[in-house]
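Descriptive structure summary
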Amino acid sequence: NAGVMQNPRHLVRRRGQEARLRCSPMKGHSHVYWYRQLPEEGLKFMVYLQKENIIDESGMPKERFSAEFPKEGPSILRIQQVVRGDSAAYFCASSRDGKPYEQYFGPGTRLTVT
Amino acid sequence: AQTVTQSQPEMSVQEAETVTLSCTYDTSESDYYLFWYKQPPSRQMILVIRQEAYKQQNATENRFSVNFQKAAKSFSLKISDSQLGDAAMYFCACHITQGGSEKLVFGKGTKLTVNP
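Description of the structure in this document. It should be emphasised that the depicted structure is a prediction, and the values quoted were computed from it without experimental measurement.

Structural notes on the overall build of chain A
- If you tally the helices and strands in chain A, you get 0 helices and 11 strands.
- Going from the N terminus to the C terminus, chain A shows its helices and strands as β-β-β-β-β-β-β-β-β-β-β.
- Computed over its C-alpha atoms, the radius of gyration of chain A comes to 13 Å, within 12% of the 13 Å expected for a compact globule of 114 residues.
- Considering only C-alpha atoms, chain A reaches an extent of 40 × 25 × 25 Å along its principal axes.
- Looking at the 114 residues of chain A, the share that counts as buried comes to 46%.
- If you take every contact in chain A between residues at least 6 apart in sequence, the share linking residues at least 24 apart comes to 54%.
- Carbon together with sulfur atoms contributes 45% to the accessible area of chain A, which is approximately 5900 Å² in total.

Encoded structure:
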């Protein structure tokens, strides 16, 4: 009974490179949420996806950031041309139909931009 | 805008004693859920306790209990018989449903230290 999986756990990128963060939801969950945690801060909502649909991306920066949750495979959070300010922990959570308030979190991916 | 405020950046407690962490929130929703999450140094987000806003009875989970004051929009966490393993960051969060979207709104956290 695997929980929410995220990989990689740690990712180092140089400024200008691309970062791809992956999230596999719990079995039976079709809703995925991405949150970002800056140093010394709480988690902030970025985007909410269902299979093949972006439901709410109001928390995502307009440029360089994108997310997808394809019919098959994990959800991907993609950050293009990373900058130092993108350094943070990125958490994915998932929930099943009918229980969006029961969000189970993955271990997070810590992105460091050098 | 929905906000969650934790006014105590840091708290400390002696082992076996009781500590209360404060949280206030602001939402225009009538139906919502409130949570306390624990984040140890491993950074894993661990759900401690959940409260449904429509329930008047305060939630309890073993040594953890909440004081939910809906009118005051207050949601404090009480940890009884504190243990060394309780040391962590604690985040208060509110789940809201808005315009077809679902999201958790988090406070900035309270760092809890447990002294032996």
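On we go from here.
Considering the nonpolar core
- Counting 27 residues, the largest nonpolar core has B:Trp36, B:Phe75, B:Leu77 and B:Tyr90 as its most contacted members.
- For this core, the secondary-structure elements that each account for two or more residues are β3 (19-21), β5 (33-39), β6 (46-52), β8 (64-69), β9 (74-79), β10 (88-98) and β12 (110-115) of chain B.
- Filtering out sequence-adjacent residues up to four positions away, B:Phe75 remains in contact with B:Cys23, B:Tyr25, B:Leu34, B:Phe35, B:Trp36, B:Gln51, B:Val66, B:Asn67, B:Phe68 and B:Cys92.
- Among the nonpolar cores identified, the runner-up in size contains 23 residues, and A:Val4, A:Trp34, A:Phe65 and A:Ala88 belong to it.

Considerations on the state of the cysteines
- Applying the stated criterion across every chain, the model contains 2 disulfides over all chains.
- Note on cysteine connectivity: A:Cys23 is disulfide-linked to A:Cys92, with sulfurs 1.7 Å apart. With the S-S dihedral at roughly -45°, the linkage between A:Cys23 and A:Cys92 falls on the left-handed side. Here A:Cys23 is found in strand β3 (residues 19-24), whereas its partner A:Cys92 is found in strand β9 (residues 88-95), with 69 residues between them in sequence.
- Residue A:Cys92 is classed as buried on the basis of its relative accessible area, which comes to 0%.
- Shown here is the disulfide that connects B:Cys23 with B:Cys92, its sulfur atoms set 2.0 Å apart. The disulfide joining B:Cys23 to B:Cys92 has a torsion of about -70° about its S-S bond and is therefore left-handed.

Examining the sheet that holds strand β7 (residues 65-68) of chain A
All names here are of chain A.
- Taken in spatial order, the 4 strands of this open sheet run β1-β3-β8-β7, and their pairing is antiparallel. A strand with exactly one partner marks an edge of an open sheet, and here the two such strands are β1 (5-7) and β7. Shown here is a sheet whose adjacent strand axes are inclined to one another by a mean of 15°, direction ignored.
- With 5 bridges connecting them, β3 and strand β8 (residues 75-79) associate as antiparallel partners. If you follow Arg-20 over to β8, its bridge partner there is Arg-78.

Some remarks on the packing of aromatic side chains
- Applying the stated criterion across every chain, the model contains 12 aromatic pairs over all chains.
- Each ring, one from A:Phe105 and one from B:Tyr37, has its centre 5.4 Å from the other, and the planes form 80°; the classification is edge-to-face. With A:Phe105 in strand β10 (residues 104-105) and B:Tyr37 in strand β5, this pair bridges two chains.
- The buried category is assigned to A:Phe105, whose relative accessible area is 8%.
- By way of ring pairs, the aromatic residues A:Tyr35, A:Phe45, A:Phe105, B:Phe35, B:Tyr37 and B:Phe106 are connected into one cluster.

Scoring rules and cut-offs
Residues numbered from 1 in each chain as written. Chains lettered and ligands numbered in written order. Predicted model: local features only at pLDDT ≥ 70, side-chain atom pairs only at ≥ 80, totals over all residues. Heavy atoms only, no water. Helix = DSSP H or I, 4+ residues; strand = E, 2+ residues; numbered from the N terminus. Rg over C-alpha atoms; globule rule 2.2 N^0.38 Å. Buried < 20%, exposed > 50% of the residue type's maximum accessible area, 1.4 Å probe, protein only. Contact = heavy atoms within 4.5 Å. Areas by Shrake-Rupley, 256 points an atom, 1.4 Å probe, with all protein chains shown as cover. Core = buried A, V, L, I, M, F, W, Y, C linked by side-chain atoms within 4.5 Å. Disulfide = S-S within 2.5 Å. Pairing = 2+ DSSP bridges. Axes fitted to C-alpha atoms, helices over the stretch in contact; angles between N-to-C directions. Phe/Tyr/Trp six-rings, centres within 6.5 Å; stacked < 30°, edge-to-face > 60°.

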